[in-house]
Amino acid sequence: MHSVSEATEPVETKRPGSRVSWVNVLALLAILGIVAAVWIPSRGDYTHRSQNSEAIALMVSARTSLSEYFANHQKWPESLDKVFSGASGKFTESVRITRGAGGTGEIELTATMRTQGVDRRVAGMTVLMGSPDGGKTWTCKPGTILEKHLPGACRTGQATSP
């Protein structure tokens, strides 16, 4: 028969795996290193594409005014300043007409990225947008920028709706 004192004595038990070994810590650090190695470069891809998106958005805004001008006057304006006032942004130095100003044929807009405060892959580079048919259809394409640095909607000369 057991006495009461024997039954209440604490029994020490060891739980297997309750201690963190250095191997586990090193494995965790290796996994975090791999995740960081994949995430950090892809973050840079999104940065310069988003900066280019501003230039494209400015050209899209300008094309609406240009299309209306062409519909009313049957020719393009002499300069973009006559129909559009928002021709620059935080990352975009300027948007201007580089071909077809004052004419009745094809028009081409060029957006130039700033050289300071932007990703090095797009600094000072240009993106083009043009219309061969009086503003009915518009096509976006790279100027001096590499096509791979453009947002998907502006790669390989894709037509964009007015």
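Residues numbered from 1 in each chain as written. Predicted model: local features only at pLDDT ≥ 70, side-chain atom pairs only at ≥ 80, totals over all residues. Heavy atoms only, no water.

A. Summary view of the confidence of the model for the chain. Overall, the predicted model of the chain reaches an average pLDDT of 81, with 79% of residues at or above 70. For the chain, the element scoring lowest by mean pLDDT is helix 1 (residues 4-7), at 53; strand 2 (residues 107-113) scores highest, at 95. (pLDDT = per-residue confidence, 0-100. Helix = DSSP H or I, 4+ residues; strand = E, 2+ residues; numbered from the N terminus.)

B. Broad picture of a nonpolar patch on the surface. Nonpolar side chains collect at one region of the surface, where Trp22, Val25, Leu26, Leu28, Leu29 and Leu32 lie side by side and expose about 660 Å² of accessible area between them. Locating Leu32 in the fold gives a position in helix 2 (residues 22-73). The class for Leu32 is partly exposed, based on a relative accessible area of 48%. (Patch = residues over 30% accessible without salt bridge, like charges linked within 9 Å, V, L, I, M, F, W, Y side chains within 5 Å. Areas by Shrake-Rupley, 256 points an atom, 1.4 Å probe, with all protein chains shown as cover. Salt bridge = Lys/Arg side-chain N within 4 Å of Asp/Glu carboxyl O. Buried < 20%, exposed > 50% of the residue type's maximum accessible area, 1.4 Å probe, protein only.)

C. How the structure looks around the pairing of strand 3 (residues 126-131). With 6 of 6 residues buried, strand 3 lies mostly within the body of the structure. Where strand 2 lies against strand 3, 6 bridges are found, and the strand directions are antiparallel. When the sheet's bridge partners are listed, Ile107 is paired in strand 3 with Ser131. In the sheet, strand 3 pairs with strand 4 (residues 138-142) via 4 bridges, with the strands oriented antiparallel. When the sheet's bridge partners are listed, Val127 is paired in strand 4 with Pro142. The antiparallel hairpin formed by strand 3 and strand 4 contains 6 residues in its connecting segment, where Gly134 sits at a positive phi of about 70°. (Pairing = 2+ DSSP bridges.)

D. Structural view of the packing of aromatic side chains. Taken as a whole and judged by the stated rule, the model has 2 aromatic pairs. Between Phe70 and Trp76, the aromatic rings sit 4.5 Å apart at their centres with planes inclined by 40°, giving tilted as the arrangement. Per residue, the accessibility class of Phe70 equals that of Trp76, and both read buried. Geometrically, the ring pair formed by Trp76 and Trp138 is edge-to-face, given 6.1 Å between the ring centres and 65° between the ring planes. Of this pair, Trp76 sits in the loop between helix 2 and strand 1 (92-99) while Trp138 is found in strand 4, placing the two residues 62 residues apart along the sequence. Across the pair, Trp138 and Trp76 agree in class, each one buried. In this structure an aromatic cluster arises from ring pairing among Phe70, Trp76 and Trp138. (Phe/Tyr/Trp six-rings, centres within 6.5 Å; stacked < 30°, edge-to-face > 60°.)

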